[in-house]
Amino acid sequence: MLVVNDLYAGYGMSEVLMGTSLAVKRGTVVALIGPNGAGKTTTMRTISGGINPTRGEILLDGKPVQGLEPSQIARLGLAHAPEGRKVFGPLSVEDNLLLGAFTRLPHFFGFQAKAAGDLDKIYELFPRLKERRRQTSGTLSGGEQQMLAIGRALMARPKVVLLDEPSMGLAPVIVDEVFDIIRRLKGSGITLLLVEQSAKRALEVADYAYVMERGRIAVEGVPQELQKNERVIAAYLGN
Amino acid sequence: MNQAVIQLMVSGALMGLVYALVAYGFQLTYATSKSINFGQGELVMLSAFFSLTLTNLGLPYYLMIPGGLLFGVVAGLFVERAGVRLALEQKSEGWILMTIILGLFGVSAAENIWGRDDRPFPTPIPTEPMQFFDISITPLEISVAIGVVMIMVIIELFKRKTLLGKAFEAVSADRDAAELMGISATRTIMLSYGLSGLVAALAGILVSPITTVGPTMASALVLKAFSVAVVAGLESGFGVVIVGLFLGSLESLTSFYVGSGWREAPGLVLLILALAVRPTGIFGKAVIRKV
């Protein structure tokens with residue numbers, strides 16, 4: 001569903017990605033783990049079009065998307081819940097969710113009616129968002145904002161979801177909640193690329209995982225193998 | 001308050017609504033891109049001249065209006081493409097200078113095409129005063145008030161009730177995140193400049209029968225509109241109307257009681273006060289951010 005081939009990208013003169021390759025099959029959850037500065041978030045931002053790659057290829061459902069504008073890539077079925085959540089602070093929770101489905105909804109009238117079914121699904125998954133649907137999203141707690149960022153991404157009915165650091169800055173209880181949600185989404189057949197600082201948690205939920213180091217994939221495999229891999233244990237899982 | 005004071009305030013307030021409308025044009029583009037067209041006054045003037053030409057070509061008033069508005073939209077889009085887009089893409093403040101230059105260019109163009117003289121702007125709307133509770137108002141003045149309020153209500157409804165309007169606010173809040181939702185920031189900003197041009201053209205068409213049309217009308221109008229926008233803050237459409245009404249009446253009182261040479265003073269004093277005391281404007285929202 002999503003294939004990244006030999007990707008090179010960076011900011012100005014500094015290359016961050018140096019030949020990254022990975023693949024996310026339909027209906028699987030793939031984790032991308034690794035230390036700070038390895039290029040995980042840069043990989044995500046390059047896939048969703050925020051950074052133009054200098055070399056390499058990104059295929060979304062078989063179509064090359066490298067070099068397109070982020071809004072064009074979103075219209076092709078990629079939803080990116082970015083690092084730091086990036087909810088639209090001045091807008092209400094419900095408006096945030098509706099904008100998540102911007103590409104599918106009529107832009108002037110009747111969009112509420114058309115989105116009602118999707119909203120119900122999101123509210124079922126995140127009852128807290130339903131309670132706060134009229135609240136300004138900038139006043140939500142960090143955990144609630146993370147739920148909103150995930151909900152907003154799902155509203156697009158995307159083919160692939162990129163989820164970047166969902167646990168960042170959250171209390172452990174809230175992180176558990178977020179991962180419960182990811183598990184439920186996995187059960188419903190989502191195609192997800194997950195970047196996560198907390199390698200242990202990411203490996204618990206993933207079907208397949210890549211370990212990134214200095215702009216390249218260093219190790220890859222199914223979580224059961226990686227959990228036994230001494231290098232991975234030493235670097236990320238610790239005891 | 002005696003009769004004369006009320007009469008002065010009412011006439012001034014109507015003029016103030018025009019300032020509000022021009023200030024509203026600033027708000028529209030600020031909302032999506034945090035940039036404004038410093039040539040907005042020139043856009044008002046050029047649209048008025050263009051509309052005058054349409055009238056002189058024999059086009060009836062009610063067909064001239066859409067023509068003039070269309071000119072405003074095209075001019076607004078031109079300003080965005082020529083003066084703003086590149087600067088914004090490079091996260092530079094170059095749009096300030098570029099829009100000022102485009103405005104100066106507009107004045108020169110107007111002087112060359114239409115001449116330096118102020119010209120009357122014919123209108124079929126009657127100008128004989130009518131009496132309301134001993135205040136005299138002309139139907140022309142009423143048409144200005146109705147025009148201003150109507151366009152602002154329509155645009156505000158668009159911004160609050162349609163998904164595209166909400167997308168405006170999304171681009172303003174976080175341009176990159178909006179792009180991830182499939183909202184093209186470039187197109188949204190284009191649209192806001194088009195709307196801003198439309199508003200400027202309408203201001204020109206509404207005010208010209210009262211003030212006449214001339215290349216100098218731009219600077220007088222834009223300075224006051226700018227005061228209104230700064231005093232009210234760059235977020236609240238309701239705010240610019242209130243401040244516009246207030247400034248208009250104050251101006252008219254000042255020019256009558258202090259002297260017409262002091263007409264420009266209240267706007268500038270308000271501007272300085274606002275910048276010194278409350279730079280976000282009276283109706284500006286303090287930014288609430290919780291991480």
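All figures in this text were calculated on a predicted structure; none of them were measured in a lab.

## Quick look at the environment of Glu-156 of chain B
Residue and element names in this part refer to chain B.
Right, so step 1: Mapped onto the fold, Glu-156 is located in helix 5 (residues 139-161).
Right, so step 2: Once the C-alpha coordinates of Glu-156 and Leu-28 are considered, the two residues, 128 residues apart in sequence, prove to be 10.0 Å apart.
Right, so step 3: Contacts of Glu-156, omitting those with residues within four sequence positions, involve Tyr-24 and Gly-237.

## Quick notes on the interface of chain B and chain A
Right, so step 1: Taken together, the contact pairs 22 residues of chain B with 30 residues of chain A.
Right, so step 2: Approximately 2,300 Å² of surface area, both sides summed, lies buried where chain B meets chain A, with 68% of it carried by carbon and sulfur atoms.
Right, so step 3: Interface area lost by chain B to chain A is led by Leu-163, Leu-180 and Met-181 of chain B, which between them contribute 32%.
Right, so step 4: Applying the counting rule to chain B against chain A returns one salt bridge.
Right, so step 5: Residue Lys-166 of chain B pairs with Asp-95 of chain A through a salt bridge whose shortest N-O separation is 3.0 Å.
Right, so step 6: On the surface where chain B and chain A come into contact, there are four residue pairs in polar contact (both at pLDDT 80 or more).
Right, so step 7: Looking at the side of chain B that touches chain A, the elements with two or more residues in it are helix 5, helix 6 (163-173) and helix 7 (175-180) of chain B.
Right, so step 8: If one sorts the elements of the side of chain B that touches chain A by residue count, helix 6 of chain B sits on top with seven residues.
Right, so step 9: Here the side of chain B that touches chain A is composed, by residue class, of 12 nonpolar, three polar and seven charged.

## Focus: the environment of Tyr-236 of chain A
All names here are of chain A.
Right, so step 1: For Tyr-236, the position within the fold is in helix 10 (residues 230-237).
Right, so step 2: Placed 86 residues apart in sequence, Tyr-236 and Ile-150 show a C-alpha to C-alpha distance of 25 Å.
Right, so step 3: If we skip the residues at most four places from it in the chain, Tyr-236 touches Gly-34, Pro-35, Ala-199, Val-211, Met-212 and Glu-213.

## With respect to the sheet that holds strand 7 (residues 160-164) of chain A
Residue and element names in this part refer to chain A.
Right, so step 1: Here we have six strands laid out as an open sheet, ordered 6-7-8-3-9-10, and mixed in their pairing. The sheet is open, and its two borders are formed by strand 6 (78-81) and strand 10 (216-221), each paired with just one other strand. Averaged over all pairs of adjacent strands, the angle between their axes in this sheet comes to 20°, without regard to strand direction.
Right, so step 2: Alignment of strand 3 (residues 29-33) against strand 8 (residues 192-195), held across four bridges, turns out to be parallel. Bridge pairing in strand 8 places Ala-31 opposite Leu-194.

## Topic: the packing of helix 5 of chain B against helix 6 of chain B
All names here are of chain B.
Right, so step 1: As a packed pair, helix 5 and helix 6 sit with axes 5 Å apart at the nearest point and diverge in direction by 80°. Our classification of the angle between helix 5 and helix 6 gives roughly perpendicular. Mapping the contact onto sequence places Phe-158, Lys-159, Arg-160 and Lys-161 in helix 5 and Leu-163, Leu-164, Gly-165, Lys-166 and Phe-168 in helix 6.

## Section: the pattern of salt bridges
Right, so step 1: Evaluation of the coordinates by the stated rule reveals 19 salt bridges over all chains.
Right, so step 2: One salt bridge in this structure joins Lys-200 of chain A and Glu-204 of chain A, with 3.9 Å as the shortest N-O distance. With Lys-200 of chain A and Glu-204 of chain A both in helix 8 (residues 199-205) and four residues apart, this pair spans about one turn of that helix.
Right, so step 3: Judged by relative accessible area, which is 52%, Lys-200 of chain A ranks as exposed.
Right, so step 4: Among the residues examined, Glu-204 of chain A registers a relative accessible area of 45% and is labelled partly exposed.
Right, so step 5: In the salt-bridge network here, residues are joined through shared partners; they are Lys-224, Glu-251, Arg-263 and Glu-264 of chain B.

## Some thoughts on the side chain of Ser-227 of chain B
All names here are of chain B.
Right, so step 1: On the secondary structure map, Ser-227 appears in helix 9 (residues 217-232).
Right, so step 2: For Ser-227, a relative accessible area of 1% translates into the label buried.
Right, so step 3: Apart from residues lying up to four places away in sequence, Ser-227 is in contact with Leu-247, Gly-267, Leu-268 and Leu-271.

## With respect to the packing of aromatic side chains
Right, so step 1: The final tally for this structure, using the stated rule, is 11 aromatic pairs over all chains.
Right, so step 2: A centroid spacing of 6.4 Å and a plane angle of 40° characterise the contact between Phe-108 of chain A and Phe-109 of chain A, whose relative ring orientation is tilted.
Right, so step 3: For Phe-108 of chain A, a relative accessible area of 40% translates into the label partly exposed.
Right, so step 4: Under the relative-accessibility criterion, Phe-109 of chain A is labelled exposed at 67%.
Right, so step 5: Where Tyr-208 of chain A meets Tyr-210 of chain A, the ring centres are 5.3 Å apart and the plane angle is 65°; that geometry is what we call edge-to-face.
Right, so step 6: Given a relative accessible area of 4%, Tyr-210 of chain A falls into the buried group.
Right, so step 7: A network of ring pairs unites the aromatic residues Phe-108 and Phe-109 of chain A together with Phe-158 and Phe-168 of chain B as a single cluster.
Right, so step 8: Positioned over the ring face of Tyr-8 of chain A is Arg-55 of chain A, at 4.4 Å from the centre of the ring.

## Here's the deal with the pairing of strand 6 of chain A
All names here are of chain A.
Right, so step 1: Alternating positions in strand 6 separate into two faces, Leu-78 and His-80 on one and Ala-79 and Ala-81 on the other, with burial throughout.
Right, so step 2: Pairing of strand 6 with strand 7 involves four bridges; the strand directions are parallel. The residue of strand 7 that forms the bridge with Leu-78 is Val-160.

## Some remarks on helix 4 (residues 94-114) of chain B
All names here are of chain B.
Right, so step 1: Here helix 4 spans 30 Å end to end across 21 residues, near enough to the 30 Å set by a 1.5 Å rise per residue.
Right, so step 2: Among all positions of helix 4, only Trp-95, Thr-99, Gly-103, Gly-106, Val-107, Ala-110 and Trp-114 are buried. Taken end-on, helix 4 shows its buried residues confined to a sector of 125°, consistent with a single buried face. Relative to its buried face, helix 4 has exposed residues pointing more than 90 degrees away, namely Leu-97, Leu-104, Phe-105 and Asn-112.
Right, so step 3: On its buried side, helix 4 packs onto helix 2 (40-56) and helix 3 (61-89).
Right, so step 4: Just downstream of helix 4, Gly-115 is the residue with a positive phi angle, here 90°.

## Some thoughts on the pairing of strand 4 (residues 55-60) of chain A
In summary, the side chains of a regular strand alternate between the two faces of the sheet.
All names here are of chain A.
Right, so step 1: Summarising the sheet, strand 1 (residues 2-11) and strand 4 pair through five bridges and their orientation is antiparallel. Looking across to strand 4, one finds that Asn-5 is bridged to Glu-57.
Right, so step 2: What sits between strand 4 and strand 5 (residues 63-64) in their antiparallel hairpin is a turn of two residues, with Asp-61 showing a positive phi close to 55°.

Rules used in this analysis
Residues numbered from 1 in each chain as written. Chains lettered and ligands numbered in written order. Predicted model: local features only at pLDDT ≥ 70, side-chain atom pairs only at ≥ 80, totals over all residues. Heavy atoms only, no water. Helix = DSSP H or I, 4+ residues; strand = E, 2+ residues; numbered from the N terminus. Contact = heavy atoms within 4.5 Å. Buried area = accessible area lost by both parts, 1.4 Å probe. Salt bridge = Lys/Arg side-chain N within 4 Å of Asp/Glu carboxyl O. Polar contact = N/O pair within 3.5 Å; in protein donor to acceptor, adjacent residues only side chain to side chain. Nonpolar A, V, L, I, M, F, W, Y, C, P; charged D, E, K, R; others polar. Pairing = 2+ DSSP bridges. Axes fitted to C-alpha atoms, helices over the stretch in contact; angles between N-to-C directions. Parallel < 35°, antiparallel > 145°, perpendicular 65-115°, else oblique. Buried < 20%, exposed > 50% of the residue type's maximum accessible area, 1.4 Å probe, protein only. Phe/Tyr/Trp six-rings, centres within 6.5 Å; stacked < 30°, edge-to-face > 60°. Lys NZ or Arg CZ within 6 Å of the ring centre and 35° of its normal. Expected span 1.5 Å × (residues − 1). Arc of directions from axis to C-beta.

By themselves, these figures tell us nothing about what the structure is for.
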